[in-house]
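Take a look at the letters that make up each chain.
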Amino acid sequence: MNLPVTEADVHAYVDGRLPAARAAEVAAYLAERPEEAARVRAYAAQNDAMHRLFDPVLGEPVPAPMAAATTPQRNRHWQWQALAAGLAIALVSGGAGWGLRGAANGQSLARMEQQAPAYQQAAWSGLAHQAAIAHAVYSPDVRRPVEIRADQEDQLVTWLSKRMGSKIRPPHLGKLGYELIGGRLLPGASGPVAQFMYHDGAGQRLTLYVSTEQARNKDTGFRFAKEGDVNVFYWIDGKFGYALSAGVDKGELARVASAVYEQLEGPV
């Protein structure tokens, strides 16, 4: 008797990773379930779209100036390529099990966290959760969404860098249609946290949450979380943890997350 078809089987089928016999069983299962088959076709289309978007980045040769640069800088280039791939995975993972709490499809983050060290569990869930809360609390504020506004950016940078103990500067996202409103200092679990806020021409607000509480976490992949109406892309880079939060759709947030990471050449 055939084994029950699980969600893991479905995603392995989409990725072409099942043995031929099991793939045939999954295909027969889908043939009897049009709605499931439609969902699988959507996953396959997402995979194709992500390959078209990110494969050229992964296959790019190292530019001549970078090839002549120092080893850390070359490593940084390859790290960006790896993160681009991770972002692609996170972007299509709404049905592949990277959502926070209550994922309807795929492996939940809770299950992945059970396989990770305790400090990584805390970093994964805590960073995204706290960033989403901070976004939900401050982004609707009309009168005082930030402590120091963008027209005092130098003062903002000096103040936050001093309080965080590291140089920290907000990425510039004007080319993507998001202008800096300003920033504020927030309390973290074991120290200060910075939040930068942006908005677009329609008033949609986006926040970048920067923490230095992830020093022990060596996992640098992009991850996606959803807290209520807030979508979050988050990642670890050195001792910094970054979480980009907004009410925009996952694809738009991924586009901005890519641009943010590209500007963060080492410690900001």
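Because the structure is a prediction, the values reported are computed rather than measured.

A. The arrangement of the confidence of the model for the protein in detail. Of all residues in the protein, 65% have pLDDT values of 70 or greater, and the mean over the chain is 76. Across the protein, element-level confidence peaks in strand β4 (residues 205-211) with a mean pLDDT of 96 and bottoms out in helix α6 (residues 109-114) with 39. Considering only residues more than four positions removed or in separate chains, one finds that residues 93-124, a stretch of pLDDT under 50, has 62 contacts.

B. Spotlight on the side chain of Ser-166. Here Ser-166 lies in the loop between α8 (153-164) and β2 (179-187). Within polar-contact distance, the side chain of Ser-166 engages the side chain of Lys-239 at 2.5 Å. In contact with Ser-166, not counting residues within four places along its chain, are Ser-161, Lys-239 and Phe-240.

C. View of the side chain of Ser-161. Its place among the elements puts Ser-161 in helix α8. What Ser-161 contacts, discounting residues up to four positions off in sequence, is Ser-166, Lys-167 and Ile-168.

D. Here's a closer look at the pairing of strand β6 (residues 230-237). With eight of eight residues buried, β6 is to be regarded as a mostly interior element. Of the two faces of β6, both are covered, the one formed by Val-230, Val-232, Tyr-234 and Ile-236 as well as the one formed by Asn-231, Phe-233, Trp-235 and Asp-237. Inspection of the sheet shows strand β5 (residues 223-227) paired to β6 by five bridges, in the antiparallel sense. Within the sheet, the bridge partner assigned to Ala-225 lies in β6 and is Val-232.

E. Structural view of the pairing of strand β7 (residues 240-246). Among the seven residues in β7, seven count as buried, and that is most of the element. Both faces of β7 are covered, namely the face carrying Phe-240, Tyr-242, Leu-244 and Ala-246 and the face carrying Gly-241, Ala-243 and Ser-245. Two elements, β4 and β7, share six bridges in a ladder whose sense is antiparallel. Residue pairing across strands places Tyr-209 opposite Ala-243, the latter belonging to β7. Between the end of β6 and the start of β7, which pair antiparallel, lie two residues, with Gly-238 showing a positive phi angle near 65°.

F. Main features of the nonpolar core. By size, the foremost hydrophobic cluster in this structure holds 32 residues, and its most contacted members are Phe-196 and Val-210. Breaking this core down by element, the ones donating at least two residues are α8, β2, β3 (192-199), β4, β6, β7 and α9 (250-263). Looking at this core element by element, the count peaks at seven residues for α9. The contact partners of Phe-196, leaving out residues within four places of it in the chain, are Leu-156, Leu-160, Ile-168, Arg-169, Pro-170, Leu-180, Gly-182, Gly-183, Leu-206, Thr-207, Leu-208 and Val-210. Of all hydrophobic cores here, the second largest spans 14 residues; its members include Ala-128, Val-193, Val-230 and Ala-243.

G. Here's a closer look at the pattern of salt bridges. One pass over the structure, following the stated rule, counts six salt bridges. With its nearest N and O atoms 2.6 Å apart, the salt bridge here joins Arg-22 to Asp-9. Residue Arg-22 is found in helix α2 (residues 20-31), and its partner Asp-9 is found in helix α1 (residues 7-14); the two are separated by 13 residues along the sequence. The exposure class assigned to Arg-22 is buried, which follows from its relative accessible area of 13%. Classification of Asp-9 as buried rests on a relative accessible area of 13%. Ionic contacts of the salt-bridge type, sharing partners, join the residues Asp-9, Arg-22 and Glu-25 into one network.

H. Here's a closer look at the packing of aromatic side chains. Taken as a whole, this structure holds four aromatic pairs when the rule is applied. With 5.3 Å between their ring centres and 55° between their planes, Phe-224 and Phe-233 make a pair best called tilted. Residue Phe-224 shares its accessibility class with Phe-233, and that shared class is buried. A ring pair is formed by Phe-240 and Tyr-242, whose centres lie 5.9 Å apart and whose planes are at 20°; its orientation type is stacked. Assessed through its relative accessible area of 2%, Phe-240 is described here as buried. By relative accessible area, Tyr-242 is classed as buried at 1%. Joined through ring pairs, the aromatic side chains of Trp-235, Phe-240, Tyr-242 and Tyr-261 make up one cluster.

Analysis parameters
- Residues numbered from 1 in each chain as written.
- Predicted model: local features only at pLDDT ≥ 70, side-chain atom pairs only at ≥ 80, totals over all residues.
- Heavy atoms only, no water.
- pLDDT = per-residue confidence, 0-100.
- Helix = DSSP H or I, 4+ residues; strand = E, 2+ residues; numbered from the N terminus.
- Contact = heavy atoms within 4.5 Å.
- Polar contact = N/O pair within 3.5 Å; in protein donor to acceptor, adjacent residues only side chain to side chain.
- Buried < 20%, exposed > 50% of the residue type's maximum accessible area, 1.4 Å probe, protein only.
- Pairing = 2+ DSSP bridges.
- Core = buried A, V, L, I, M, F, W, Y, C linked by side-chain atoms within 4.5 Å.
- Salt bridge = Lys/Arg side-chain N within 4 Å of Asp/Glu carboxyl O.
- Phe/Tyr/Trp six-rings, centres within 6.5 Å; stacked < 30°, edge-to-face > 60°.

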